[in-house]
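Reading the structure
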Amino acid sequence: MTDGVIRRALLSVSDKSGLADLGRELAARGVELVSTGGTAKTLRDAGLTVKDVSDLTGFPEMMDGRVKTLHPAVHGGLLALRDNPEHVAAMEAHAIGAIDLVVVNLYPFEATVAKGASREEIIENIDIGGPSMVRSAAKNHGFVTILTDPADYATLVAEMDANGGATTQAFRTRMAGKAYARTAAYDSAIASWFAFADAFSNPLGADALGATPFPETLPMALKRADTLRYGENPHQSAAIYVPQVAGTAGVPQATQLQGKELSYNNLNDADAALELAAEFAGQEPAVVIVKHANPCGVAQSGSLLAAWEAALACDSVSAFGGIVAVNTELDGATAEAISAIFTEVVIAPSVSAEAREIFAKKKNLRLLECGALPDPRRGGLALKTIAGGVLIQSRDNGTISADDLKVVTKRAPTDQELKDCLFAWTVARHVKSNAIVYAKDGATAGIGAGQMNRRDSARIAAIKAREAAETYGWDAPRTLGSAVASDAFFPFADGLISAAEAGATAVIQPGGSIRDDEVIAAADEAGLAMVFTGMRHFRH
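Residues numbered from 1 in each chain as written. Predicted model: local features only at pLDDT ≥ 70, side-chain atom pairs only at ≥ 80, totals over all residues. Heavy atoms only, no water.

A few points about the overall build of the protein
Threshold: Only runs of H or I of at least four residues qualify as helices and only runs of E of at least two qualify as strands under DSSP, and these elements are numbered from the N terminus. Just to be clear, the radius of gyration here is over C-alpha atoms, and the globule rule we use is 2.2 Å times residues to the power 0.38. For every residue, the accessible area (1.4 Å probe, protein chains only) is compared with the maximum for its type, and the residue is labelled buried under 20%, exposed over 50%, or partly exposed between those bounds. Any two residues whose heavy atoms approach within 4.5 Å at even a single point are treated as in contact. The protein chains shown are the only cover counted for residues, whose accessible areas, like all others here, come from Shrake-Rupley with a 1.4 Å probe. Working convention for charge: Lys and Arg count positive, Asp and Glu count negative, and His plus the chain ends are omitted. Working definition for charges: the position is that of NZ of Lys, CZ of Arg, CG of Asp or CD of Glu.
Summing up its helical and strand segments, the protein has 20 helices and 21 strands in all. The C-alpha atoms of the protein give a radius of gyration of 30 Å, which is well past the 24 Å a tight globule of 540 residues would have. In terms of principal-axis extent, the alpha carbons of the protein reach across some 95 × 50 × 40 Å. Within the protein, buried positions represent 50% of all 540 residues. Look at the contacts in the protein between residues 6 or more apart in sequence, and 57% of them connect residues 24 or more apart. Summed over all atoms, the accessible surface of the protein reaches about 24500 Å², with 52% contributed by carbon and sulfur. Separation between the mean location of the 49 positive side-chain charges and that of the 64 negative ones in the protein comes to 3 Å.

This is the structure we're talking about:
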C-alpha cells in the first residue's frame, strides 16, 4: 500500500464546481468514493455510488454538520504511514481503511464576511473538519494526495492516467504545499476578522481601529492575482495580490477592455487616479490626469469633454504618457480628445460603445472599466515596508467641509474663493508632500508635488501655470485670482508670499505652526483670505 495508487477517495467540498465530473473520472478508474452531506448528494445525483463517512466512523453526522469527519477512522486513514509496521498493525486492529485521496475546499468564510453576513452566520462558516483533513492529508503527502482547488481536478486525472492510477511524489508534494497555503490564508482571514471584529462588513475598517487596538499579531490573507512583467524597473520582479476577504473594488478588480497588460507602474498610477476621481463621485463630470502617482491636472465641468480640456491645460507636458480617470461614463467626444495625446491607461466606471470604438484604434492603450467608484471615506489599513519591519496605519479618510473651516484673516473668502479652496484641498490630499495646489473655477491651475520645502512647491506650481498660459496664449496664468491649498501648515511666510506673488487670492491650509501669526500677518498684508482646516494630509 505504498505505491501511490488511489483506491479510496474522500470528497467533501463547499464549491461543487467540477465535482460530478471528477467523481465520474475517479469511479471509472475503480476508486471508491466516500463523502459527506451535500457533496455525497451531488455525487449520487450524478448516478455515482458513494459511501457515507458515517459508514466509516460508525457515528452519524451531528450538531448541524459540525461533527462528521473528526474521528480516528478518518484521520487514522489519512495519517497512517503505510510503510510503518506499527501503523499498519493499528489500522488492522481498529479496522481503519486507508484513504489515498482527499478532495476538500473549505466553507466560504471570506465570501460570507464580504456579503455582510451576521456574526452568527460568519461563525458557522468557520470550517473545522475541512482544514483538519487538509492538514492531515498534506502532512502525510508521502502517501496521500490532497486537492483543495477545483482547477487541479483535470491535472489529477492526467497524473493518474500517466502513472497507472497513482500520483507521483512530486505531484503530491506540490499539492501539499498548495493545501497548506490555502489553510494558512483561511486562518489568516479568520484571525483578521476576529482582530477587527467590530467591523463585520470590512474586517480592516477604521471603525474597528477606533474600538480595538492593533492586534499583537496581524495576519494578512492575500492571493496572487497576477505576475507582472517586472516592477518599477526592469531588473525588479513583481506581482499583484488581492485580499482573500473581498473588500473595496479598485483597479485590480476592473475589467480590462483592451490594450497591453498592466505593468507595476500602470497599476500604481491608475490607483492614484481612480482614488482621486472617486472624490467626485455623483458630482459634475470630473477628469483626473496622473503622472508618476501625482495628479498633474484635475478639473470638473458641465461636460466630461470640458473637464478634460481644463485638466489637460494645467500641465499638458506632464500629461503625455499619463493615466486618466473619470468619475462618470466615458463618452465618444472625450475619448476622441484623449486619443489625441499618448496615454498609457484610461479608467472609467463605464465606457460607451462609441468611446470603445475610438480607443480600439489605439491598440496599446489600456482601457479599464471599473464599475462603481471606491468610497474615498472607507476604512482600512495602509501598509509600508521598511527595512526590518512594516509600518501600518489607518487609511487617510479624513475629510472637512465648509462648516469645519476657520477664517483667520481680516478678509473672509468669497463664495467662489471658498469653492475653489475646497476643490484645491480635495486635490492636495492626493498630491505627494510637500504639496501645493492652485485651483480656479473647478480646475487646477498649477500643482507642486514632492518637494523638500513648501516654498519650492509653491514656486514650481506657479511656473507650470505660467508655462500653460504661454502654451495656450492666455493673457495671464490661471493662478491669477486662484485659491491655493497646502497639505500641511506653512512653517514660514515665504511659501504663502510665493503663492500671493503667483496671483492667489485665497489660501486653505491646516494651520498649527508656531509661526501662524507671522503667516496670517503676511496674508493680511497681501489682502488674502485664509482659512484653517485643522487637519493635514501628508502623503509620502
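A word on the sheet that holds strand 3 (residues 51–52)
Counted only if it meets this: Note on pairing: two strands pair once DSSP finds at least 2 bridges between them.
One open sheet holds the five strands; their spatial order is 3-2-1-4-5, and the pairing between them is parallel. Two strands lie at the open edges of the sheet, namely strand 3 and strand 5 (145–147), each paired on one side alone. Sheet analysis places strand 4 (residues 101–105) next to strand 5, joined by three bridges and oriented parallel. Looking at the pairing, Leu101 lines up with Thr145 of strand 5.

A few points about the nonpolar core
We apply this condition: What makes a nonpolar core is a set of buried Ala, Val, Leu, Ile, Met, Phe, Trp, Tyr and Cys residues whose side-chain atoms join them at distances within 4.5 Å.
Among the nonpolar cores identified, the biggest contains 52 residues, and Leu11, Leu26, Val102, Phe109, Ile146 and Leu156 are the most heavily contacted of them. For this core, the element with the highest residue contribution is helix 10 (residues 169–195), accounting for nine residues. Apart from residues no more than four positions distant in its own chain, Phe109 is found in contact with Ile122, Asn125, Ile126, Tyr186, Ala189, Ile190 and Trp193.

Focus: the side chain of Asp269
Which entries qualify depends on this criterion: Here a salt bridge means any side-chain nitrogen of Lys or Arg lying within 4 Å of a carboxyl oxygen belonging to Asp or Glu.
With respect to the helices and strands, Asp269 occurs in helix 12 (residues 264–277). Lacking a salt bridge, the buried Asp269 has Lys432 as its closest oppositely charged neighbour, with an N-O distance of 7.5 Å. Residues within four places of Asp269 in sequence aside, it is in contact with Val290, His292, Ala293 and Ile323.

Let's talk about the packing of helix 18 (residues 454–472) against helix 19 (residues 493–501)
Condition: Only C-alpha atoms enter the line fits that serve as axes; for helices the fit covers just the stretch in contact. Angles between N-to-C directions range over 0 to 180 degrees. By definition in this entry, angles of less than 35 degrees are roughly parallel, angles greater than 145 are roughly antiparallel, angles of 65 to 115 are roughly perpendicular, and the rest are oblique. Throughout this entry, Asp, Glu, Lys and Arg are counted as charged residues, while Ala, Val, Leu, Ile, Met, Phe, Trp, Tyr, Cys and Pro are counted as nonpolar. The remaining residues, Gly among them, count as polar.
At their nearest, the axes of helix 18 and helix 19 sit 8 Å apart, and the two run at 10° to each other. By the angle between their axes, helix 18 is roughly parallel relative to helix 19. Here helix 18 contributes Arg455, Ala458 and Arg459 to the contact with helix 19, which in turn contributes Asp494, Gly495 and Ser498. Counted by class, the contact of helix 18 with helix 19 contains one nonpolar, two polar and three charged residues.

A closer look at helix 12
Inclusion rule: One fewer than the residue count of a helix, multiplied by 1.5 Å, yields its expected span.
In this model helix 12 runs 20 Å from its N-terminal to its C-terminal C-alpha over 14 residues, within 8% of the 20 Å that 1.5 Å per residue would give. For helix 12, a buried count of ten out of 14 residues is recorded, marking the element as mostly surrounded by other parts of the structure. Burial in helix 12 covers these residues: Asn266, Leu267, Asp269, Ala270, Ala272, Ala273, Leu274, Glu275, Leu276 and Ala277.

A look at the environment of Asn294
Using the following cut-off: Polar contact is the term for a pair of N or O atoms within 3.5 Å; when the atoms are in protein, one must be able to donate a hydrogen and the other to accept it, and sequence-neighboring residues count only if both atoms are side-chain atoms.
Looking at the secondary structure, you find Asn294 in strand 10 (residues 294–300). You can call Asn294 buried: its relative accessible area is 16%. Distance in space between the C-alpha atoms of Asn294 and Ala449 is 7.3 Å, their sequence separation being 155 residues. Here the side chain of Asn294 touches Lys432 through a polar contact of 2.8 Å, landing on its backbone nitrogen.

Structural notes on the packing of helix 13 (residues 304–314) against helix 18
One can describe the packing of helix 13 onto helix 18 by two numbers: an axis separation of 8 Å at closest approach and a directional angle of 120°. In contact with Leu312, Ala313 and Cys314 of helix 13, helix 18 contributes Lys464, Ala468 and Tyr472. Along the lines of polarity and charge, the residues of the contact of helix 13 with helix 18 split into five nonpolar, no polar and one charged.

Section: the side chain of Asn140
By the element assignment, Asn140 lies in the loop between helix 8 (129–139) and strand 5. Within the structure, the side chain of Asn140 is placed 2.9 Å from the backbone oxygen of Ala80, a separation counted as a polar contact. Dropping the residues within four chain positions of it, Asn140 is found in contact with Leu78, Leu79, Ala80 and Leu81.

Some points on the confidence of the model for the protein
Filter applied, for reference: Confidence per residue, as judged by the predictor, is encoded in pLDDT with a range of 0 to 100.
Confidence in the prediction for the protein averages 89 pLDDT; 92% of positions are at 70 or higher. Across residues 198–211, confidence stays below pLDDT 50; counting only partners more than four residues off in sequence or on other chains, it has 32 contacts.

Some thoughts on unusual backbone geometry
Cis geometry marks the peptide bond from Ser433 to Asn434; its omega dihedral reads -5°. Tracing the backbone shows Asn434 in the loop between helix 17 (415–428) and strand 17 (436–440).

Describing the environment of Pro243
On the secondary structure map, Pro243 appears in strand 7 (residues 238–243). A relative accessible area of 49% places Pro243 in the partly exposed class. Separated by 54 residues in the primary sequence, Pro243 and Ala189 place their C-alpha atoms 8.8 Å from one another. Setting aside residues no more than four positions away along its own chain, Pro243 makes contact with Ala221 and Leu222.

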